[in-house]
Amino acid sequence: MLKAVDLRCEYRTNPVGVCTARPRFSWRLDCDKKNVLQTAYSIEASGDGDFSAPLWQSGKISSARSILVPWKGSPLASSSRYYWRVKIFDNHGEESPWSETASFETSLLSPEDWKTGTGGAVFISGEDENAGQSSAGVLLRKEFNLSKEVASAVLYAAARGIYTAFCNGSRAGDEVLSPGFTEYASRILFSAYDVGDLLVKGENALGFLVGPGWYKGDLASWLGKRNVFGARTAVIAQLRIKYADGTAETIVTDDSWTFAASPVIYSEIYHGETYDARLEQPGWDRGGFNGSGWNPVYTESADTGMLKPHDGLPVKEKEFFKPLSLVKTPRGETVLDFGQNISGWVRFTVRGKAGDRVKIRHAEILDAEGNFYTENLRSARQTVEYILKGGPAETYSPYCTFQGFRYIAVDEYPGEINREDFTAAAIYSDMRPSGRFECSYPRLNQFISNVRWSMKDNFVDIPTDCPQRDERLGWTGDAQIFARSACFLMETAPFFRKWLRDLAASQLSDGQVPHVVPDVLKDISKKDGKIHQDAGATAWADAAVVIPWTMYLYYGDRDILEEQYPSMKKWVEYVRGVAENGLLFNTGFHFGDWVALDAKEGSYFGATPNDLTATAWYAYSAEILSKAAGVLGLADDAKTYGKLREDIGEAYRKEFFTPNGRLAARTQTAHILSLFFGLTPEEYRSRTLETLVSLIAENGNHLTTGFVGTPFVCRVLADNGRLDLAYELLLKEDFPSWLYQVTKGATTIWEHWDGLKPDGTMWSPDMNSFNHYAYGAVADWVFSAVGGLDTDPEKPAFARSVIRPLPGGAISWAETSLETGYGPVSVRWEITGGNITVSVKVPHNSSALLVLPGTEGGTIGGKVFTKTKGGAETELGSGTYAFTYPYRP
C-alpha cells in the first residue's frame, strides 16, 4: 500500500517557530513494491485541522518532487498554527490515502510584530552602563494575572547575551545557550517556546537568567579582546496568549519588569562559572513572590530591526556519560575520566553545609606522567565553582558557559566523592543523525566515531575550530573543508543555513569574507604577529561559495543556494579584482596549507606557496559559481564564470607547470590540489601523479599535508589509479597518520598530526587542540569510496545515488547507510573466499547507479551490468538487492 510518511516542514517534525511565510514541505514514500516513483502529489493546509474548507489546496500536481516542496498559497500569518497533509500518486497507478496530519507554527515574521502590546516590547537590562567589567548573571522577572482559561501561549525571546527562560517555576523549553552566537549588529535570533501548559488562571510569572555569553565578556581573549559586541546584557520578549473564548493578550518586556542579582556571580564562555546557591531566591519565577528588594529594569532600544526568527537548530543536552574511573594523579589531583572528549558540562549532586564549595577544572587529556594537563587551554580557565546553600542534596550544572573536556579535576568537594554523583552532558546543535559507517577494521571504525564526536563537539550553534581553549570561533576554512563530511554524518542544512546568513552579514563591502564568522577578529593585525588581516584568505573565505553548493548537492536546497548567491558572487568578484592575469600574487594574507608537516620549524604555514593554493581555490570557486548560476537559471553568469574558470586554469598551467609538465612547487599539497581541482593538463597528469607518489614515498609513505591538502589526497590517488596507496595512507597506524591518534586513545580528532608525539611529549601548547575536526575531512572519502555511497551531482540530494564501493587494504567488509530526504539508502560489501557480495537498499522515489567492483559485467543477480571503468554498472530503482559474484580486483 502506498503511503506518505515522515512529514516535515523546513526539515523538522511539527515545528514551532517556522521563520518564513512560505515554508517548504517534505515527505517520504512507503510502499511494499519495488521501483516506486512518485508521479504526482496533492497538499492541503488548514488553520484549524479541519480540511473540509482548507486554507490552501495545491490540487494534483504532476511532479516527482517530495523534498522541500514550497508553499504556493497566500503568505502565512505570524504566530499562527497550521495543519497540513499530503496525498501521493505513483508510477504503478496507485493513489495513496491522505497522510496523517502534521502541523507547524509560524514565528513572528516581521519586526512590526514586536510592536504588539502596550507600547510594544523593548530590550530591558539588569545592568547599568558601567557593567562592562562584570561577568555576573542577572535575574529579570514580571508577574501578571490571567482571568481566563488559556487555550495556547507562545513565548518569543531573544537576548544580548545568553538566557534561560522560566515560567511559573519551570524552565521554558529544553534548549541551552540561547539565543546562540550571531553577527549581533545585524542578526539577533529569537526562539519560540510553547508555554501554554505552564500558564494558569490567576497569578503567573515570567523570569529570565541572563549571562554574558558571546555578546559581552572575554572573546578571542588571546588577543586581549573583551566586550566585542557590547558591554551589557539585555533581553527582549513577548508572550502571546490565546484564550479559550477566542480573545488574546500579549505580555511584553517593558519598564514594568524588575531585576536582581543572580546566584551566577561569574560566568564566561572560556573561563567557566561560579554559582553561589546561598543567593537563590526560591519562588522568584512564580506568581505571588515578594519582590520588594528588586529594582526597576533599565529600558534600552525599542529597535527590533535586527531581530530574526531562529533559523538554525537549538543547542541541547544530547548525550550523557558517567565517569569510567576515579584516579589520583602523580601530583595528587583527584581526576574523573568520562571516557569521551565532549563539549558541555558536568552535572553533579553534592551534600554539605552552607558555604561549602565544589571546584572542578576541565581538560582534554592527561600528560605523559598521567597528570591533569591544561597548558593547551592557554588563558581559558575552564573552571566551575559551586557554593552550597546547605540542607538536602543539591544538584547543579552551568547555565551560561560550556567546556571542552574528557577529564575533570575535583579540587574541592565536601565529603567523599562518589562517581555516581557526576554526569557529563554533551551538548551540540539539535541535528538529526544521518550517516553510519562500519567495517572489518576496528580502528577505522573508531576513527569515524572520533570524527563524528569532533563534529558534534564543534557544532555548538556555529562550526567552531575547538571547544576548549580561549578561541572557539567559527573559522571559515575549517568549516569549508569539512562540509561534505559533515553531510554524511548529520543533517546539517538547517545548521549551515543559519551560519551562512551570518557569513553574508559579516562580509565586507568589497566582498572579502572574515576568517571567522561571527567576526570577532577585527583589527587582528594590531594584536597578532602571525595573522596580518582579518578577512580575505583563500580557502577560508571560499566557504562563502563551497558550503552553499554543498548544501545544494546533498540536500537539494535550492533556496540556500539562491539566498547565498549574491555573497558567493561577491567573494569571487573580489578575488577577480585583485588577481593579476588569473593569478593571485601578493594579494594579502593567506593561511595556505595550515599546520602542514612540511612547514619550517616553529611555523604554522606549510611549504606550498600561497600563490599556488590561492589560485587553485580561486579556480574552484569560479567553477562552483558557474554551476550554481546554471542551477539558478542565470545563463549569463554561468557563461561568464565558466569562462573565468577556463582562463584561471590556463594561467595556472603557464605559471606553475614547466613546458615538460613538472609542477614548480614540489610539495604533496601542490600536486594534490592541481589534480583534484582539474588544474593539471591531461598531458601532464601522469607525471603529476608520479611525482605525488614519489613525494609520499620520500616521507616513508606518509603525508606532510596540512588543512587544505589532506581532505583530497585519498580521492586524488584513487581516482588516478592508486587506490592501493590511498588505502595504505588511510590505514597507517604509525606517526603521522589518521589512525595514529586512535592508537593513542583519542576519542576525537586532533588539530595536529603530532599533537601527542610518539615519545609522549606534546606539540606546543600555543595551539594544540585535541578536538579539531579539520583532519577528519577524509571521512567524506571513507563514506563515498570505502563505503561506496555518494550522490549524483546532476540529481542532487540522492535523488540518484551513486553506489560505487572500492574495496582495498585489509578491509574485508564495509557497510554504509545514510538517511536521505527520500529515506535510508545503504550498501554493504563483503569479500569471502573468491567472491564478493554487494547488498544495496534504494529508497522509494529515487534511483541509483550501481557500479560493481572487480567484474567485467554480464548478468549478475538477475540484472544486466555493462562494463565501465573500474567495474560494471547498472541502474536500480527503489528496493533491496544483493549481488554475489567472483571478485577479480
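Residues numbered from 1 in each chain as written. Predicted model: local features only at pLDDT ≥ 70, side-chain atom pairs only at ≥ 80, totals over all residues. Heavy atoms only, no water.

Focus: the overall build of the protein
So, step 1. What the protein contains, in helices and strands, is 13 helices and 48 strands.
So, step 2. On C-alpha atoms alone, the protein measures out to a radius of gyration of 28 Å, which is about the 29 Å that the 2.2 N^0.38 rule sets for 889 residues.
So, step 3. Buried positions account for 63% of the 889 residues belonging to the protein.
So, step 4. Considering only contacts within the protein whose residues lie at least 6 apart along the sequence, 74% involve residues at least 24 apart. (Helix = DSSP H or I, 4+ residues; strand = E, 2+ residues; numbered from the N terminus. Rg over C-alpha atoms; globule rule 2.2 N^0.38 Å. Buried < 20%, exposed > 50% of the residue type's maximum accessible area, 1.4 Å probe, protein only. Contact = heavy atoms within 4.5 Å.)

Comments concerning the environment of G877
So, step 1. Take G877: it is sitting in the loop between β47 (871–876) and β48 (879–886).
So, step 2. Between the C-alpha atoms of G877 and V36, which are 841 residues apart in sequence, the distance is 7.2 Å.
So, step 3. Discounting residues that sit within four places of it in the chain, G877 has contacts with N35, V842 and S846.

Structural notes on the sheet that holds strand β46 (residues 863–868)
So, step 1. Spatial strand order, β39-β40-β44-β47-β46-β45: 6 strands in an open sheet with mixed pairing. Edge positions in the sheet fall to β39 (789–791) and β45 (858–860), since each of these pairs with one other strand and no more. Direction aside, neighbouring strands of the sheet carry axes that sit 30 degrees apart on average. (Pairing = 2+ DSSP bridges. Axes fitted to C-alpha atoms, helices over the stretch in contact; angles between N-to-C directions.)

A word on the sheet that holds strand β20 (residues 258–261)
So, step 1. The strand order across the open sheet built from 6 strands is β14-β13-β17-β11-β20-β23, with neighbouring strands paired in antiparallel fashion. Unpaired on one side and paired on the other, β14 (170–171) and β23 (295–296) mark the two borders of the sheet.
So, step 2. The sheet contact formed by strand β11 (residues 138–146) and β20 spans 4 bridges and is antiparallel. Across the sheet, L139 pairs through a bridge with A260, a residue of β20.

Some remarks on the packing of helix α2 (residues 476–489) against helix α4 (residues 543–555)
So, step 1. Two numbers describe how α2 lies on α4: the axes approach to 9 Å, and their chain directions differ by 5 degrees. Judged on the interaxial angle alone, α4 and α2 are roughly parallel. Every residue of α4 that contacts α2 at T476, A479, Q480, A483, R484, C487 and F488 is listed here: A543, V546, I547, T550, M551, L553, Y554 and Y555.
So, step 2. Residue composition of the contact of α2 with α4, by class: 11 nonpolar, 3 polar and 1 charged. (Parallel < 35°, antiparallel > 145°, perpendicular 65-115°, else oblique. Nonpolar A, V, L, I, M, F, W, Y, C, P; charged D, E, K, R; others polar.)

A look at the pattern of salt bridges
So, step 1. Considering all chains together, one arrives at 71 salt bridges under this definition.
So, step 2. A salt bridge links K148 to D245, with the shortest nitrogen-to-oxygen separation between them at 3.2 Å. On the criterion of sequence distance, the pair formed by K148 in the loop between β11 and β12 (150–160) and D245 in the loop between β18 (234–243) and β19 (248–252) is long-range, its members being 97 residues apart.
So, step 3. K148 gets classed as partly exposed once you look at its relative accessible area, which sits at 30%. (Salt bridge = Lys/Arg side-chain N within 4 Å of Asp/Glu carboxyl O.)

Digging into the packing of aromatic side chains
So, step 1. Scanning the model with the defined rule gives 74 aromatic pairs in all.
So, step 2. Residues Y163 and Y193 carry aromatic rings whose centres are separated by 6.5 Å and whose planes lie at 80 degrees to one another, so their mutual orientation is edge-to-face. Note that Y163 is positioned in strand β13 (residues 162–167) and Y193 in strand β16 (residues 188–194), a separation of 30 residues in sequence.
So, step 3. Three or more aromatic residues joined by ring pairs make a cluster, and in this case those are F25, W27, Y41, W56, W71, Y82, W84 and F104.
So, step 4. Sitting over the face of the ring of W813, R828 holds its NZ or CZ atom 4.6 Å from the ring centroid. (Phe/Tyr/Trp six-rings, centres within 6.5 Å; stacked < 30°, edge-to-face > 60°. Lys NZ or Arg CZ within 6 Å of the ring centre and 35° of its normal.)

What to know about the packing of helix α5 (residues 558–578) against helix α6 (residues 610–631)
So, step 1. Contact geometry of α5 with α6 gives a least axis separation of 10 Å together with a crossing angle of 140 degrees. Considered as vectors, α5 and α6 are oriented oblique to each other. Seen along the crossing, α5 lies across α6 with a hand that is left-handed. Contacts between α5 and α6 involve R558, L561, Y565, M568, K569, W571, V572, V575 and R576 from the first element and Y618, S621, I624, L625, A628, A629 and V631 from the second.
So, step 2. Residues belonging to the contact of α5 with α6 are distributed by class as follows: 12 nonpolar, 1 polar and 3 charged. (Left-handed = near helix turned anticlockwise from the far one by under 90°.)

As for the nonpolar core
So, step 1. Membership of the largest hydrophobic core comes to 200 residues, with the highest contact counts inside it found for F447, F496, W617, L717, W738 and W781.
So, step 2. Counting residues per element, this core draws most heavily on α6, at 12 residues.
So, step 3. Apart from the residues within four sequence positions on either side, W781 is in contact with C714, R715, A718, L723, A726, Y727, L730 and V786.
So, step 4. Formed by 32 residues, the second largest nonpolar core is a distinct cluster that contains Y275, V346, I360 and I417. (Core = buried A, V, L, I, M, F, W, Y, C linked by side-chain atoms within 4.5 Å.)

Regarding the pairing of strand β42 (residues 823–832)
So, step 1. Sheet analysis places strand β41 (residues 813–820) next to β42, joined by 8 bridges and oriented antiparallel. Considered in β42, the bridge of T816 is made with V827.
So, step 2. Hairpin connection of β41 to β42: 2 residues between the antiparallel strands.
So, step 3. Here 7 bridges tie β42 to strand β43 (residues 835–842), and the two strands are oriented antiparallel to one another. Along β43, the bridge assignment pairs V827 with V840.
So, step 4. Turn length for the β42-β43 hairpin, with the two strands adjacent in sequence and antiparallel, is 2 residues, and the turn residue G833 shows positive phi of about 65 degrees.

As for the environment of Y373
So, step 1. Positionally, Y373 belongs in strand β31 (residues 372–373).
So, step 2. With relative accessibility at 8%, the residue Y373 sits in the buried group.
So, step 3. Measuring from C-alpha to C-alpha, the distance between Y373 and L583 comes to 45 Å, with 210 residues separating the pair along the chain.
So, step 4. If we skip the residues at most four places from it in the chain, Y373 touches A363, I365, L366, D367, M762 and P765.

Considerations on helix α1 (residues 442–458)
Structural remark: α-helix, 3.6 residues per turn; residues separated by three or four positions point the same way.
So, step 1. End to end, α1 covers 24 Å across 17 residues, agreeing with the expected 24 Å (1.5 Å per residue, within 8%).
So, step 2. With respect to burial, α1 is a largely interior element, 13 of its 17 residues being buried. (Expected span 1.5 Å × (residues − 1).)

Concerning the pairing of strand β26 (residues 315–321)
Working note: regular strand, side chains alternate between the two faces of the sheet.
So, step 1. Summarising the sheet, strand β15 (residues 175–176) and β26 pair through 2 bridges and their orientation is antiparallel. Bridge pairing in β26 places V176 opposite V315.
So, step 2. Relative to strand β35 (residues 422–429), β26 runs antiparallel, the two being bridged by 6 bridges. What sits directly across from F320, in β35, is A425.

Describing the side chain of S784
So, step 1. With respect to the secondary-structure elements, S784 resides in helix α13 (residues 779–786).
So, step 2. Judged by its relative accessible area of 9%, S784 is buried.
So, step 3. Once residues lying within four places of it in the same chain are set aside, the contact partners of S784 are F488, R715, L789, D790 and R804.

Here's the deal with the side chain of N168
So, step 1. Mapped onto the secondary structure, N168 falls in the loop between β13 and β14.
So, step 2. From its side chain, N168 meets the backbone oxygen of L198 in a polar contact 2.8 Å long.
So, step 3. A distance of 2.9 Å separates the side chain of N168 from the backbone nitrogen of A205, its partner in a polar contact.
So, step 4. Beyond its immediate sequence surroundings of up to four residues, N168 is in contact with L198, L199, V200, E203, N204, A205, D285, R286 and G287. (Polar contact = N/O pair within 3.5 Å; in protein donor to acceptor, adjacent residues only side chain to side chain.)

Quick word on helix α9 (residues 682–698)
So, step 1. With 17 residues, α9 should cover 24 Å at 1.5 Å per step; its first-to-last C-alpha distance of 25 Å lies within 8% of that length.
So, step 2. Where α9 is buried, its residues touch α7 (635–656), α8 (668–676), α10 (713–719) and α11 (723–731).

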